[in-house]
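In case you want the letters, here they are:
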Number of protein chains: 2
Amino acid sequence: MTTTYRLNDVDIESVAALTAACREDVAKAGTTWRAEVDWTGGFRTQSRIRDFQQVSDEPPALGGTDTGPNPVEQLLAALGNCLAVGVAANATARGIAIDRLGIAVEGDLDLSTFLGITPGHAGFDSIRVEVEIECDADAETVQDLIQDVGDTSPVGHTLSRPIPLSITAV
Amino acid sequence: MTTTYRLNDVDIESVAALTAACREDVAKAGTTWRAEVDWTGGFRTQSRIRDFQQVSDEPPALGGTDTGPNPVEQLLAALGNCLAVGVAANATARGIAIDRLGIAVEGDLDLSTFLGITPGHAGFDSIRVEVEIECDADAETVQDLIQDVGDTSPVGHTLSRPIPLSITAV
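The numbering scheme is per chain: residues are counted from 1 as the chain's sequence reads. To read the labels, note that chains go from A and ligands from 1, taken in the order they are written. The model is predicted, so local features are restricted to residues of pLDDT at least 70 and side-chain atom pairs to those at 80 or more, both for listing and for counting; the totals for chains, interfaces and linings are taken over all residues.

This paragraph deals with the interface of chain B and chain A. What counts as a contact is two residues whose backbone-derived C-beta atoms lie within 7 Å of each other. Contacts between chain B and chain A engage 107 residues on the former and 107 residues on the latter. The secondary structure listing takes helices from DSSP runs of H or I that are at least 4 residues long and strands from runs of E that are at least 2 residues long, numbered from the N terminus. Take the side of chain B that touches chain A: its biggest share by element is 15 residues, from helix α2 (residues 71-93) of chain B. Residues belonging to the side of chain B that touches chain A are distributed by class as follows: 56 nonpolar, 35 polar and 16 charged. The rule for pairing is simple: two strands pair if DSSP sees at least two bridges between them. Pairing geometry for strand β6 (residues 165-169) of chain A and strand β5 (residues 124-135) of chain B, over five bridges, is parallel. For S166 of chain A, the partnering residue across the bridge sits in β5 of chain B and is R128 of chain B. Each residue is assigned to one class: nonpolar for Ala, Val, Leu, Ile, Met, Phe, Trp, Tyr, Cys and Pro, charged for Asp, Glu, Lys and Arg, and polar for all the others, Gly among them.

Put into structure tokens, the structure is as follows:
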């Protein structure tokens, strides 16, 4: 048995191989992702992503039965998860060992539009992220790292830029 | 024991009560939502949303260990879940009984920016949603319903509009 030590337990070789393949053939960087959602009554749904299933619901104040996180909370978690992947990947590429990484995400949302009181913006007004990292790098290096992560975050960019959305009844 | 029949099992009274309260006092429509993410090694994280925990990971091709859906997939699921809540709420308010509701969400994403090959847009280029609904309303009513759901969707608007995002190391 061979045991290989991996910095941050990140499989940086796979990321490097994918990066090399995409550099050679740009078409390989083009990906399509999918999720399917089945309504299960009330405000409850079950999402299916490949082999993974998750339950979504609303809290009672919003008419739900509180059996899972709600969609806007899931969106905040998706952002935190994406930034964590970015931190892990970028830190590992720079040889930085992470001891601990916690990310808190918070967003303000005016329910008036969702509730049909006033037309306008139904989404988050702003989203704030705090990244708490313990690692073997100095504060300046960490700042650079976080900047690079924000500049290359798939979920971060999807939120901070307008994305064309088509909704069709089939 | 009193059994009350609820159309679509939606607690429309709670939604109506919240709407009335927000009409009376606009400050009540102002909400803040939170998610916390703990990195657990590699590209794995555990998110905490109130009492709910979920695992996030990447597929092996992206350097992950495939123990959960990845962040961009979670974002698509959040959109589908949000639209399902919107359909359930709006259909119930109109007295439409839903027999079945399935939502498929798909998005294209160029990995070049995330992988550091080219600066630019790391997020989804576009997102497509197909809503499949069986209900006791005609096609025109369903089209109107879907239109209204898209016009009032918190996650939909967060994606289709640019949201200010601040990322801070603390």
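Moving on to the domain arrangement of chain A. Residue and element names in this part refer to chain A. Domain ranges listed in this record stem from an automatic or a database domain assignment. Segmenting chain A into domains produces domain 1 (33-69) and domain 2 (70-160). Summarising the inter-unit geometry, the C-alpha centres of domain 1 and domain 2 are found 22 Å apart. Counting residues at the interface gives five residues for domain 1 and four residues for domain 2. A breakdown of the residues in the side of domain 1 that touches domain 2 according to their chemical character gives two nonpolar, one polar and two charged.

Let's shift gears to the relation of the copies chain B and chain A. For this overlay, a least-squares fit was computed on C-alpha atoms, restricted to residues scoring pLDDT of at least 70 in both copies. When chain B is brought onto chain A, the operation consists of a screw motion whose angular component is 180° and whose axial shift is 0.0 Å, with 0.0 Å RMSD remaining. Within this description, the copies of the chain are treated as partners about a two-fold rotation axis. Considering only C-alpha atoms, the part of chain B nearest the rotation axis is P162 of chain B, at 2.4 Å. Most of the interface of chain B is mirrored in chain A: 100% of its interface residues are interface residues there too.

A negative phi angle characterises most non-glycine residues, just as the trans form characterises most peptide bonds. Residue and element names in this part refer to chain A. Residue N8 is not a glycine yet carries a positive backbone phi of 60°. Relative to the assigned elements, N8 resides in the segment before α1 (12-24). A positive phi angle, close to 60°, is found at D66, a residue other than glycine. Along the chain, D66 turns up in the loop between β3 (52-56) and α2 (71-93).

For the rest of this paragraph, the subject is the sheet that holds strand β6 (residues 165-169) of chain B. Taken together, six strands build an open sheet; the order of strands is β3(B)-β2(B)-β1(B)-β4(A)-β5(A)-β6(B) and the sheet is mixed. Each having just a single partner strand, β3 (52-56) and β6 of chain B make up the two edges of the open sheet. Adjacent strand axes in the sheet meet at a mean angle of 20°, parallel and antiparallel pairs treated alike. Bridging between strand β4 (residues 98-110) of chain A and strand β5 (residues 124-135) of chain A involves 11 bridges; their strand directions are antiparallel. Following the sheet pairing, D108 of chain A is matched in β5 of chain A by S126 of chain A. Every axis corresponds to a line fitted to the C-alpha atoms, with the helix fit spanning only the stretch in contact, and the corresponding angles, defined between N-to-C directions, vary from 0 to 180 degrees. Contacts between α2 of chain A and the sheet are confined to β4 and β5 of chain A together with β1 (30-41), β2 (44-49), β3 and β6 of chain B, with β1 of chain B contributing the most and set at about 35° to the helix. Against the sheet, helix α3 (residues 139-151) of chain A contacts β5 of chain A together with β6 of chain B, and its axis sits at roughly 155° relative to β6 of chain B.

Moving on: the pairing of β3 of chain A. All names here are of chain A. Here exposure depends only on C-beta density: within 10 Å of a residue's C-beta, 20 or more other C-beta atoms make it buried, 12 or fewer make it exposed, and intermediate numbers make it partly exposed, the C-beta atoms being placed from the backbone. Side-chain alternation along β3 places F52, Q54 and S56 on a buried face and Q53 and V55 on a face that remains uncovered. Across five bridges, strand β2 (residues 44-49) lies against β3 in antiparallel orientation. By the bridge assignment for β3, Q46 is matched with V55. The antiparallel pairing of β2 with β3 creates a hairpin that spans two residues between the two strands, and R50 there sits at a positive phi of about 50°.

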